[in-house]
Amino acid sequence: MAAKEKKDEGAQFVRYFGPLLDALRGLGGSAKADEAVDRVAEDLKVPDEVLNETLPSGGSRFRNQVAWARFYLVREGLIDSSKHGVWSLTEQGFKTRLSFEDARQLFLKWVKIFQEQRKLKEQNEPVAEQVAEGTGAPSKDYREEVLELLLAIPPAGFERLSQRLLREAGFTQVVVTGQSGDGGIDGFGILQVNPLVSFKVLFQCKRYAKSVAPSQVRDFRGAMSGRADKGIIITTGTFTAEARREATRDGAPPIELIDGEKLIDMLEKLELGLRAVTTFEVERSFFNEFKA
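Residues numbered from 1 in each chain as written. Predicted model: local features only at pLDDT ≥ 70, side-chain atom pairs only at ≥ 80, totals over all residues. Heavy atoms only, no water.

Caption draft 1: Spatial organisation of the overall build of the chain. Helix and strand counts for the chain stand at 13 helices and nine strands. The 292 residues of the chain split such that 40% are buried. Considering only residue pairs separated by 6 or more positions, the chain has 62% of its internal contacts joining residues 24 or more positions apart. Per element, the accessible surface of the chain, about 16,500 Å² overall, is 53% carbon and sulfur. (Helix = DSSP H or I, 4+ residues; strand = E, 2+ residues; numbered from the N terminus. Buried < 20%, exposed > 50% of the residue type's maximum accessible area, 1.4 Å probe, protein only. Contact = heavy atoms within 4.5 Å. Areas by Shrake-Rupley, 256 points an atom, 1.4 Å probe, with all protein chains shown as cover.)

What follows is the structure, given as structure tokens:
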């Protein structure tokens, strides 16, 4: 990649440093990842054509860029490094406001730090921190590998995987009906909220590396009309901005959207097909004090 291309790509996510801090402040200091990203898009009035851009892997380019903004803000100590899906401002983050130039300097500072770490050849550096100098793009990691595996599964197998996922997430009586041509409905399950309340939930599975359009959300809602109070669409791809708005449209039964990123998050949390591995990072400073 040419130097100019690296600079342009880097600038695309560096410009979200300040807006992400502002968005979290506006949300009371913390938010789930989707809430934070949506608030940044709302505050900046990001057009749909930008929100709908996808990466070669099929993920949302905009959401990926905001996630990389968080990565650097965590390193700077402005956002908490919680691994439970909640993005929270630290005390310093609450007080910090970043201009684009401030953000650029912060980015360059950490690029230099990463370069120095590579020169020292520190071992066991987490894959997510192996940052390309100009872009902040990670090397291929387990999430990309999982997505490739999901895309290689046949449609019927992806329906069974979704069935297993819903069962592990607390659903009961999960049945796959995808082979019956049931109006786009691939299955259903029961979500027991408490001993007295339960909901029948219909789900649809879409295993492909592209975006789900609002018309597909409307078609699914039409198929579930009168049969359930809630629906779920599970895809390995993404949802367009219009599809996300359609899913939560006032006056219509709500539909939960699980895209490829959220699907991998669920697999990770439930440890389905993913096994946590503990590693260690060498603190050279500890050993240096004994050299004197």
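Still more ground to cover, so stick around.
Caption draft 2: Here's a closer look at the packing of helix 2 (residues 17–26) against helix 3 (residues 33–44). Packing of helix 2 against helix 3 leaves a shortest axis separation of 9 Å and a crossing angle of 110 degrees. One element, helix 2, and the other, helix 3, form an angle in the roughly perpendicular class. Where helix 2 abuts helix 3, its residues Pro19, Leu20, Ala23, Leu24 and Gly26 lie against Ala36, Arg39, Val40, Asp43 and Leu44. When the residues that make up the contact of helix 2 with helix 3 are grouped by side-chain class, the tally is seven nonpolar, one polar and two charged. (Axes fitted to C-alpha atoms, helices over the stretch in contact; angles between N-to-C directions. Parallel < 35°, antiparallel > 145°, perpendicular 65-115°, else oblique. Nonpolar A, V, L, I, M, F, W, Y, C, P; charged D, E, K, R; others polar.)

Caption draft 3: Representation of the pairing of strand 7 (residues 230–235) within the structure. Counted residue by residue, strand 7 has five buried out of six residues, so it is predominantly covered. Bridge count between strand 5 (residues 197–206) and strand 7: six bridges; the pairing is parallel. Residue Leu202 lies in a different strand from strand 7, and its bridge partner there is Gly231. Inspection of the sheet shows strand 7 paired to strand 9 (residues 255–258) by four bridges, in the parallel sense. For Ile232, the partnering residue across the bridge sits in strand 9 and is Glu256. (Pairing = 2+ DSSP bridges.)

Caption draft 4: Representation of helix 5 (residues 61–75) within the structure. Between the first and last C-alpha of helix 5 there are 21 Å, a value that for 15 residues agrees with the 21 Å anticipated at 1.5 Å per step. With twelve of its 15 residues buried, helix 5 lies for the most part within the structure. Taking the backbone nitrogen of Arg63 as reference, a side-chain oxygen 3.2 Å away marks Ser60 as the first, capping residue of helix 5. Of the residues trailing helix 5, Gly77 is marked for its positive phi of about 80 degrees. (Expected span 1.5 Å × (residues − 1). Polar contact = N/O pair within 3.5 Å; in protein donor to acceptor, adjacent residues only side chain to side chain.)

Caption draft 5: Quick peek at the sheet that holds strand 4 (residues 187–194). As summarised here, the arrangement of the five strands in space is 3-4-5-7-9, forming an open sheet in which the pairing is mixed. Each edge of the sheet is formed by a strand with only one pairing partner; in this case those strands are strand 3 (171–176) and strand 9. The sheet shows a mean angle of 20 degrees between the axes of neighbouring strands, taken without regard to direction. Of the strands in this sheet, strand 5, strand 7 and strand 9 are in contact with helix 10 (residues 214–224), which crosses strand 7 at around 140 degrees. On top of the sheet, helix 12 (residues 260–270) reaches strand 7 and strand 9; it is set at about 80 degrees to strand 9, its chief contact.

Caption draft 6: Representation of the nonpolar core within the structure. Counting residues in hydrophobic clusters, the biggest one holds 35 residues, and the most contacted among them are Phe17, Leu20, Phe62, Tyr72 and Leu73. When contributions to this core are tallied by element, the ones reaching two or more residues are helix 1 (3–14), helix 2, helix 3, helix 5 and helix 7 (100–119). It is helix 5 that provides the largest number of residues to this core, a total of eight residues. When near neighbours in sequence (up to four residues on either side) are disregarded, Leu73 contacts Phe17, Leu20, Leu21, Leu78, Ile79, Leu98 and Leu106. (Core = buried A, V, L, I, M, F, W, Y, C linked by side-chain atoms within 4.5 Å.)

Caption draft 7: Inspection of the packing of aromatic side chains at higher detail. Evaluated as defined, the whole model comprises eleven aromatic pairs. Both rings, one in Phe13 and one in Phe107, keep their centres 5.4 Å apart while their planes meet at 90 degrees; by these two values the pair is edge-to-face. In this pair, Phe13 sits in helix 1 while Phe107 sits in helix 7, placing the two residues 94 residues apart along the sequence. The exposure class assigned to Phe13 is buried, which follows from its relative accessible area of 3%. For Phe107, a relative accessible area of 7% puts it in the buried group. One aromatic cluster is present, built from ring pairs that chain together Phe13, Phe17, Trp68, Phe71, Tyr72, Phe107, Trp110 and Phe114. Lying across the ring of Tyr208, Lys210 places its NZ or CZ 4.7 Å from the centre. (Phe/Tyr/Trp six-rings, centres within 6.5 Å; stacked < 30°, edge-to-face > 60°. Lys NZ or Arg CZ within 6 Å of the ring centre and 35° of its normal.)

Caption draft 8: View of the pattern of salt bridges. Applying the stated criterion across every chain yields a total of 19 salt bridges. The residue Glu53 makes a salt bridge to Arg61 at a minimum N-O spacing of 3.6 Å. Glu53 sits in the partly exposed class, given a relative accessible area of 36%. Between Arg244 and Asp259 there is a salt bridge, and its shortest N-O distance comes to 3.0 Å. (Salt bridge = Lys/Arg side-chain N within 4 Å of Asp/Glu carboxyl O.)

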